[in-house]
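Summary of structural features
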Amino acid sequence: MKTIQFREAIAEAMSEEMRKDESIFLMGEEVAEYNGAYKASKGMLDEFGPDRVIDTPISELGFSGIAVGSAMNGNRPIVEFMTFNFALVGIDQIINNAAKIRQMSGGQFNCPIVFRGPTGSAGQLAATHSQAFESWYANCPGLKVVVPSNPRDAKGLLKAAIKDDDPVIFMESEQMYGDKGEVPEGEYTIPLGVADIVREGSDVTIVSFGKIIKEAHKAADELAKEGVNCEIIDIRTVRPLDFDAIINSVKKTNRLVILEEAWPFGNVATEITYQVQSQAFDYLDAPVQKINTADTPAPYSPVLLAEWLPNHQDVIKAVKKVLYK
Amino acid sequence: MEKITKEVYLKWYEDMLFWRKFEDKLAAVYIQQKVRGFLHLYNGQEAVLAGALHAMDLSKDKMITAYRNHVQPIGMGVDPKRVMAELYGKVTGTSQGMGGSMHIFSKEKGFYGGHGIVGGQIPLGAGLAFADKYFKRDGVTICYMGDGAVRQGSLHETFNLAMLWQLPVVFVCENNGYAMGTSVARTSYSTEIWKLGLGYEMPCGPVDGMDPVTVAKEMSKAIERARSGGGPTFLEMKTYRYRGHSMSDAQHYRTKDEVEEYKKIDPITQVLDIIKEKEYASDDEIKTINKRVKDKVSECEKFAEESEYPPISQLYDMVYEQEDYPFLQHKL
């Protein structure tokens, strides 16, 4: 094992796959000469040259569509959005073309492409720069949606996403790029659609993904001091979602708390809640609790933002509620 | 460009007549409710396609367009029976019944759709060209759009990128005068659409889109430029559609006289006049062509009628390359 930063894990995953497959290129704003807005493509221009590490103008609609078109004609593009907030001006190409070309053409064309970049809040960036669209993309058949929470998963999942023959939305976080973690030496991938039980426990299941899962770990550490034994599941892939892992865990703990950094209406936690009540109703000893952001756009002021975001105290409260403590 | 010989004129006549009659048949079966959804017909615009096909190298060049897209794949070599079957929603269709009228595709023949979102195909067309350049192939992409699509931002982002990266693509606006029911004059400060290329220093110009000879010549220059590394071109084909935008269009936005004026410069009539004037074919030979076209259209209809609908299981076969994708259940 070696210890690297999250951003290095991203760069390693892209570089390793690009060395093996000439059809892969990286395209986006500031990815080449600037080495990535968050340095997630550091050194790649030097290694692969400007034909494969390509700076674009600020034209998300244009370059997303060009990447999809190139995928229909032999390329395997990686498109970096500086954040997924900016992907909104190019989302037509993701939803109407990348996700649908295969079905609309009767299976003649597929779209092996990765759209990647940061999701969610990243400090006091206010309403337009703090949004989490995992549930939007996960709602759309034809896409796969991956949200890693640590360097090891980021590298293994990104390599799998690049090798995948379907379009993958790969979501990172500005606040995770500096995180350090152990990754295996040498070649490895992590399959999409498989959750990871990151902490074993018997009293309650906490399901989460992405950077907010750290709040679940903090809560579990606190609760352990009180003798509450939390199991934490990092779903890692939102679409397809590993419901079996969650249901098996709920059958053991009989209690479920879901932590997701997203607006509360119709989000990933909502779907998990539906599936669990549908498939494990008799195993539940308490109603499922979900913790999300406030049902408002993200505010700027630090006191309001602190209230808006879910934190470990919210998780502790929810766990106590399902335990009737 | 290959010379425009007697054979070319005869081919143009037969092809364009077949496209026209194929579309007429679709209108008829649509009224019988055998074809559903939207139906956008190409009647009147045939010269834009005929001229382009003459200039293209079909062994390596590609084509992409919007939703008025039934006859382009036929021109590229796709079996028209399969196009008709697609509109019938049959499993023998070009997309096995998954796409319908607006989404015809043929990977084998280099036809990349068939796109339903106005302007959405413009960056895709540039992307096809991007890949050809990336892999150092010398194919050229012909990317069609309507006069409504040029008002989308996708055009402007793509024009800049295509020039910046010198992509081998020819952008062709088929200006038939109306974006659905709204005329170009009512939506554009400048009605000279070709001038949109000027802001990007893209070679551009207007073309008489009712004359296949002019279209072929201008397309040939643009394709040659793209193939030799000279980058993109933007051509505005001034053309006209005789039928409504789709089948439910009452066409209150124009007069019958206007339609009749354009029929005087109908591309099929223009070509037929030359054939007669130059005695490229006798009246009997022309009748033979007309009969052949009629029979071919009937064969398409018969094939589509007699084909099977897709099996229900196909619903889950087309979304992902991954064979065992775990779809959620949608009902009990």
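Just so we're clear, the structure is a prediction, and the values are computed from it rather than from any experiment.

Turning to helix 4 (residues 80–87) of chain B, a few remarks are in order. Residue and element names in this part refer to chain B. With six of its eight residues buried, helix 4 lies for the most part within the structure. Looking only at helix 4, the buried set comprises P80, V83, M84, A85, E86 and L87. Those residues of helix 4 that are buried are in contact with helix 1 (6–31), helix 3 (71–76) and helix 11 (283–306). The N-cap of helix 4, judged by a side-chain oxygen 2.9 Å from the amide nitrogen of K81 a few residues on, is D79. Once helix 4 ends, the next one or two residues include G89, with phi positive near 75°.

Quick look at the pattern of salt bridges now. Under the criterion given, the structure shown has 48 salt bridges over all chains. Here A:R236 makes a salt bridge to A:D196, at a shortest N to O gap of 3.8 Å. Of this pair, A:R236 sits in the loop between strand 11 (230–234) and strand 12 (237–239) while A:D196 is found in strand 9 (residues 196–199), placing the two residues 40 residues apart along the sequence. The exposure classification of A:R236 matches that of A:D196, with both residues buried. Here B:R20 and B:E46 are joined by a salt bridge, their closest N and O atoms 2.6 Å apart. Pair noted here: B:R20 is in helix 1 and B:E46 is in helix 2 (residues 46–55), with a separation of 26 residues, a long-range link.

Within the largest apolar cluster, 82 residues are counted, with the highest numbers of intra-cluster contacts made by A:F115, A:Y137, A:I246, A:I272, A:V276, B:F171 and B:F234. Sort the elements by how many residues they give to this core and helix 5 (residues 121–134) of chain B lands first, with seven residues. For this core, the domains that each give at least three residues are domain 1 (2–183) and domain 2 (196–322) of chain A. Contacts of B:F171, omitting those with residues within four sequence positions, involve B:I122, B:A126, B:C143, B:M145, B:T158, B:F159, B:A162, B:M202, B:P232, B:T233, B:F234 and B:L235.

Contacts between the two partners involve 51 residues from chain A, matched on the other side by 44 residues from chain B. In total, chain A and chain B occlude about 3700 Å² of area from one another, counting both sides; carbon and sulfur atoms represent 61% of this. For the interface between chain A and chain B, the tally reads one salt bridge. Taking the shortest distance from any N to any O, the salt bridge between A:R102 and B:E321 comes out at 2.7 Å. The element contributing the most residues to the side of chain A that touches chain B is helix 3 (residues 60–71) of chain A, with nine residues. Residue composition of the side of chain A that touches chain B, grouped by class: 18 nonpolar, 21 polar and 12 charged.

A few words now on the UniProt feature "domain: Transketolase-like pyrimidine-binding" (unreviewed entry) in chain A. Annotation from UniProt places "domain: Transketolase-like pyrimidine-binding" (unreviewed entry) at residues 4–179 of chain A. Segment residues 4–179 of chain A splits into 35% helix and 16% strand. End C-alpha atoms: 8 Å apart.

Below, the discussion takes up the sheet that holds strand 12 of chain A. Residues and elements named next belong to chain A. As summarised here, the arrangement of the seven strands in space is 3-2-4-5-7-6-12, forming an open sheet in which the pairing is mixed. Every other strand in the sheet has two partners, leaving strand 3 (53–55) and strand 12 as the edge strands with one partner each. Across the sheet, the axes of successive neighbouring strands diverge by a mean angle of 20°, strand direction being ignored.

Next up on the list: the packing of helix 1 of chain B against helix 4 of chain B. Residue and element names in this part refer to chain B. Packing of helix 1 against helix 4 brings their axes to within 12 Å, and their N-to-C directions diverge by 20°. Between helix 1 and helix 4, the interaxial angle falls into the category roughly parallel. Crossing of helix 1 over helix 4 shows right-handed handedness. Residues F18, F22, K25 and L26 of helix 1 form the contact with helix 4, whose participating residues are P80, V83, M84 and L87. Classifying every residue of the contact of helix 1 with helix 4 gives seven nonpolar, no polar and one charged.

What counts as what
- Residues numbered from 1 in each chain as written.
- Chains lettered and ligands numbered in written order.
- Predicted model: local features only at pLDDT ≥ 70, side-chain atom pairs only at ≥ 80, totals over all residues.
- Heavy atoms only, no water.
- Buried < 20%, exposed > 50% of the residue type's maximum accessible area, 1.4 Å probe, protein only.
- Helix = DSSP H or I, 4+ residues; strand = E, 2+ residues; numbered from the N terminus.
- Contact = heavy atoms within 4.5 Å.
- Polar contact = N/O pair within 3.5 Å; in protein donor to acceptor, adjacent residues only side chain to side chain.
- Salt bridge = Lys/Arg side-chain N within 4 Å of Asp/Glu carboxyl O.
- Core = buried A, V, L, I, M, F, W, Y, C linked by side-chain atoms within 4.5 Å.
- Domains from an automatic or database assignment.
- Buried area = accessible area lost by both parts, 1.4 Å probe.
- Nonpolar A, V, L, I, M, F, W, Y, C, P; charged D, E, K, R; others polar.
- UniProt positions renumbered as here; feature names shortened; annotations may be inferred.
- Pairing = 2+ DSSP bridges.
- Axes fitted to C-alpha atoms, helices over the stretch in contact; angles between N-to-C directions.
- Parallel < 35°, antiparallel > 145°, perpendicular 65-115°, else oblique.
- Left-handed = near helix turned anticlockwise from the far one by under 90°.

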